[in-house]
Amino acid sequence: MLIAVTSAKGSTGVTTLAVVLAAVWPGDFPNVVEADCAGGDLGAWHWLPDSPGVATLATQSRTGSVTLDAHVTRLPCGVDVVLAPAGRHPATVAVGLLMEASLGLWTKERPTIVDVGRLEPGAPSAAVVEQADVVLVLARGDEGSLLRVADADLPAGRTRLVLVDGSRYTPFEIADRTGLPVAAEVPWDARAADVVAGRRKPGKAWTRRGLPAAVRALASSLATPPTVPTPAVIRSNRGREG
């Protein structure tokens with residue numbers, strides 16, 4: 001399974017959600033691949049080199065055969081990540097080279113969650129959105145954010161909305177106005193964001209509360225999709241986590 005995680009505008013926590021989704025995924029442990037042409041965040045946050053990473057994976061993909069584990073870095077929170085360069089230009093080049101190869105080369109071994117960052121039409125990362133089994137779009141629930149989602153050119157039938165920090169609109173109103181089903185409502189969780197960014201050590205129970213607890217139900221629904229694809233709304237506490 002290939003899952004693209006993205007947003008229409010602004011910093012809504014795309015990278016944090018991608019890592020948390022992998023951390024709570026049931027069954028096979030997924031890989032997270034940074035494909036944000038604006039630059040990868042995880043290597044910078046953790047002071048990690050971006051090689052091995054997206055650039056080395058792209059190089060090997062051109063041979064027609066990939067050993068994905070050779071390009072993965074394990075974060076302190078236990079998630080395996082293929083890191084992108086932090087700078088926009090080297091990230092765009094690396095992601096562009098990776099998109100020239102068949103996505104099946106590096107997505108066949110395990111479920112793959114791709115951090116696309118902000119939607120940028122025409123960017124190399126758009127290929128992930130076009131080919132993903134599921135596209136998760138993060139957005140806040142205000143009118144402006146929802147309007148941008150509604151205006152985005154997203155693949156019908158495969159795109160689902162993840163609301164951050166709630167909305168005054170009901171999921172049914174949002175689906176009617178954006179054309180996208182609401183797959184989950186998640187809190188803005190500073191504690192989980194700090195764990196993902198390496199500012200806080202992951203305790204044994206870090207996935208049992210806040211954002212990870214809310215995302216666990218979403219991960220289960222994606223890993224075992226229903227026969228009739230009608231995503232249920234997953235509600236969580238809407239208060240901010242300290």
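Up top is the structure.
Residues numbered from 1 in each chain as written. Predicted model: local features only at pLDDT ≥ 70, side-chain atom pairs only at ≥ 80, totals over all residues. Heavy atoms only, no water.

Moving on: the overall build of the chain. Check the secondary structure of the chain and you find ten helices and eight strands. With the principal axes as the frame, the chain shows a C-alpha extent of 50 × 40 × 35 Å. Here the chain holds 242 residues, and the buried ones make up 52% of them. A separation threshold of at least 6 residues defines the contact pool for the chain, and within that pool the share at least 24 residues apart is 73%. For the chain, the accessible area works out to roughly 10800 Å², and carbon and sulfur atoms hold 52% of it. Within the chain, one finds 24 positive and 24 negative side-chain charges whose respective centroids are separated by 7 Å. (Helix = DSSP H or I, 4+ residues; strand = E, 2+ residues; numbered from the N terminus. Buried < 20%, exposed > 50% of the residue type's maximum accessible area, 1.4 Å probe, protein only. Contact = heavy atoms within 4.5 Å. Areas by Shrake-Rupley, 256 points an atom, 1.4 Å probe, with all protein chains shown as cover. Lys, Arg positive; Asp, Glu negative; His and termini not counted. Charge placed at Lys NZ, Arg CZ, Asp CG, Glu CD.)

A general trend in soluble globular proteins is that nonpolar side chains are found buried together. Counting residues in hydrophobic clusters, the biggest one holds 42 residues, and the most contacted among them are V54, L98, M99, W106, V114 and L161. With four residues, helix α4 (residues 88–100) is the single largest residue contributor to this core. Contact partners of W106, with chain neighbours within four places excluded, come to V33, L57, S61, V66, L68, L98, M99, T112 and V114. Of all hydrophobic cores here, the second largest spans 37 residues; its members include L21, W25, L211 and L218. (Core = buried A, V, L, I, M, F, W, Y, C linked by side-chain atoms within 4.5 Å.)

For T73, the location among the structural elements is in strand β3 (residues 73–74). On a C-alpha basis, the gap between T73 and P49 in space is 9.4 Å, while along the polypeptide they are 24 residues apart. Ignoring any residue separated from it by four or fewer positions in sequence, one finds T73 in contact with L48, P52, V79, D80, V81 and L83.

This part is about the side chain of T112. Position of T112 among the secondary structure elements: in strand β5 (residues 112–118). A distance of 3.1 Å separates a polar atom in the side chain of T112 from the backbone oxygen of R110. In contact with T112, not counting residues within four places along its chain, are M1, L2, I3, N31, V33, W106 and T107. (Polar contact = N/O pair within 3.5 Å; in protein donor to acceptor, adjacent residues only side chain to side chain.)

This paragraph deals with the packing of helix α3 (residues 54–61) against α4. Interaxial distance between α3 and α4 falls to 8 Å at its minimum, and their mutual angle equals 30°. As the angle between them shows, α3 and α4 are arranged roughly parallel. Classified by chirality, the crossing of α4 by α3 is left-handed. Along the contact surface, α3 presents V54, A55, L57, A58 and S61, while α4 presents A94, V95, L97 and L98. (Axes fitted to C-alpha atoms, helices over the stretch in contact; angles between N-to-C directions. Parallel < 35°, antiparallel > 145°, perpendicular 65-115°, else oblique. Left-handed = near helix turned anticlockwise from the far one by under 90°.)

Now for unusual backbone geometry. Comment: phi is negative for the bulk of residues other than glycine, and the bulk of peptide bonds are trans. Following S51, the chain continues to P52 via a peptide bond in cis, the omega torsion being 10°. By the secondary structure assignment, P52 is in the loop between α2 (42–46) and α3. Located in the positive-phi region is W47, a residue other than glycine, with phi close to 55°. Note on placement: W47 falls in the loop between α2 and α3. Taking the relative accessible area as the measure of exposure, W47 reaches 81% and is therefore exposed. Even without a glycine there, the phi angle at D165 is positive, about 70°. As for its position among the elements, D165 is in the loop between β7 (159–164) and α8 (171–178).

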